[in-house]
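# Descriptive structure summary
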Amino acid sequence: MSSDTALIVIRGLTKAYGYRAVLKKLDLTIERGEFVALLGPNGSGKSTLLRLLSGLSKPTAGKITVGGWALPQEAAAVRAQIGLVGHKSLLYEALTAQENLHFFARLYNLDINRDTIDAQINRVGLKKFAAQPVKTYSRGMQQRLSIARALLHDPAVLLFDEPYTGLDQDAAALLDDLLQDAHSEGRTILMTTHQIERAARLASRVVILSRGVIAYESAAADIPSGALPLIYADTTDMVTAR
């Protein structure tokens, strides 16, 4: 059963491509303000789950609600609550950071002035590069601007799909800070990642997905220090061996 504070409720979720089931009758509840790290091997269904939650894909069976709105029936209402940072930046490389955010503000029908746009750019550490085309940005800079884009409409939920991919140490540390800030603001975060130690440090709950089912979940505070990599290895080996 979901609690009164649950923001995301998933029940019996199945996603199949042809005869291959990627997610299998998955149940998951995420409370308002939680930061959930979703771990799992490649092909375990992590990215598929985020696509379903963001309304980019439709389930084969099962129910999803976000903030009380059902997917896929009320996808427009759900998208208004969600900021997505995925493998693709969704930015226009020929435009500057300012131009990109102005474009997405219009897309969301937001009445945002130049000062607000600049404040978002400053927040992600791109003040000096605000007027430069995105095509001149490093991978880390594009990722930061993607986060500014995702936060533009003040979403209650942030979905991050492998956000550390391709980032150097400094860019990854800055992303840590941005995630912690978003969590401290009360946003609900679901992040897929292969960064097991980061997941243990940043998240409030850890969920391990393997072969389309939840193989392990625990409050991060209940996981002994340094134990998560071993738990991950044991859990994914156990499920794979079935």
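Scroll up to find the structure.
Residues numbered from 1 in each chain as written. Predicted model: local features only at pLDDT ≥ 70, side-chain atom pairs only at ≥ 80, totals over all residues. Heavy atoms only, no water.

This paragraph deals with the sheet that holds strand S5 (residues 69-71). The strand order across the open sheet formed by four strands is S2-S1-S4-S5, and the pairing between neighbours is antiparallel. For this open sheet the edge positions go to strand S2 (20-31) and S5, each flanked by a neighbour on one side alone. Strand after strand, the sheet turns through a mean of 20° between neighbouring axes, direction not considered. Pairing of strand S1 (residues 6-17) with S2 involves eight bridges; the strand directions are antiparallel. In the sheet register, Ile8 faces S2, and the bridge partner there is Ile30. Strands S1, S2, strand S4 (61-66) and S5 of the sheet are contacted by helix H1 (residues 46-53), whose axis makes an angle of about 120° with S1. (Pairing = 2+ DSSP bridges. Helix = DSSP H or I, 4+ residues; strand = E, 2+ residues; numbered from the N terminus. Axes fitted to C-alpha atoms, helices over the stretch in contact; angles between N-to-C directions. Contact = heavy atoms within 4.5 Å.)

At their nearest, the axes of helix H3 (residues 97-107) and helix H5 (residues 139-151) sit 10 Å apart, and the two run at 25° to each other. Viewed along their axes, H3 and H5 adopt a mutual orientation that is roughly parallel. The hand of the H3/H5 crossing is right-handed. Here H3 contributes Ala97, Leu101 and Phe104 to the contact with H5, which in turn contributes Leu145, Ala148 and Arg149. (Parallel < 35°, antiparallel > 145°, perpendicular 65-115°, else oblique. Left-handed = near helix turned anticlockwise from the far one by under 90°.)

Bringing the pairing of strand S8 (residues 188-192) into the picture now. The side chains of a regular strand alternate, residue by residue, between the two faces of the sheet. Among the five residues that make up S8, five are buried, leaving the element largely enclosed by the rest of the structure. Both faces of S8 are covered, namely the face carrying Thr188, Leu190 and Thr192 and the face carrying Ile189 and Met191. Strand direction decides the pairing type here: strand S3 (residues 35-39) and S8, joined by four bridges, are parallel. From the neighbouring strand, Phe35 faces S8, where its bridge partner is Ile189. For the crossover from strand S7 (residues 157-161) across helix H6 (residues 169-184) to S8, the handedness is right-handed. (Buried < 20%, exposed > 50% of the residue type's maximum accessible area, 1.4 Å probe, protein only. Right-handed = clockwise from strand over helix to strand, strands pointing away.)

All right, on to unusual backbone geometry then. A cis geometry characterises the amide bond from Leu71 onward to Pro72, with omega recorded as 0°. Inspection of the secondary structure assignment puts Pro72 in the loop between S5 and helix H2 (75-79). In the Ramachandran plot, Leu90 falls in the positive-phi region, its phi being about 65° despite a non-glycine side chain. For Leu90, the position within the fold is in the loop between strand S6 (82-85) and H3. With phi around 55°, Asn109 is a residue other than glycine that occupies positive phi space. With a relative accessible area of 71%, Asn109 lands in the exposed category.

What follows is about the environment of Ser225. Within the element layout of this structure, Ser225 appears in the loop between strand S10 (213-219) and helix H8 (228-240). Residue class for Ser225 comes out exposed when judged on its relative accessible area of 80%. On a C-alpha basis, the gap between Ser225 and Gln73 in space is 42 Å, while along the polypeptide they are 152 residues apart.

In this section: the nonpolar core. Counting 47 residues, the largest nonpolar core has Leu39, Leu145, Phe160, Tyr164 and Leu179 as its most contacted members. Leaving out residues up to four positions away in the same chain, Tyr164 has contacts with Gln143, Ala172, Leu175, Asp176, Leu179, Met191, Thr193, Gln195, Arg198 and Leu202. Val36, Leu53, Val66 and Leu71 belong to the second largest nonpolar core, which has 26 residues in total. (Core = buried A, V, L, I, M, F, W, Y, C linked by side-chain atoms within 4.5 Å.)

Okay, the packing of aromatic side chains next. Throughout the structure, instances matching the rule amount to three aromatic pairs. A centroid spacing of 5.1 Å and a plane angle of 75° characterise the contact between Tyr92 and Phe103, whose relative ring orientation is edge-to-face. On the criterion of sequence distance, the pair formed by Tyr92 in the loop between S6 and H3 and Phe103 in helix H3 is long-range, its members being eleven residues apart. Geometrically, the ring pair formed by Tyr92 and Phe104 is tilted, given 6.4 Å between the ring centres and 35° between the ring planes. Here the residue Tyr92 occupies a position in the loop between S6 and H3, and Phe104 occupies one in helix H3, the gap between them amounting to twelve residues. The exposure class assigned to Tyr92 is partly exposed, which follows from its relative accessible area of 43%. (Phe/Tyr/Trp six-rings, centres within 6.5 Å; stacked < 30°, edge-to-face > 60°.)

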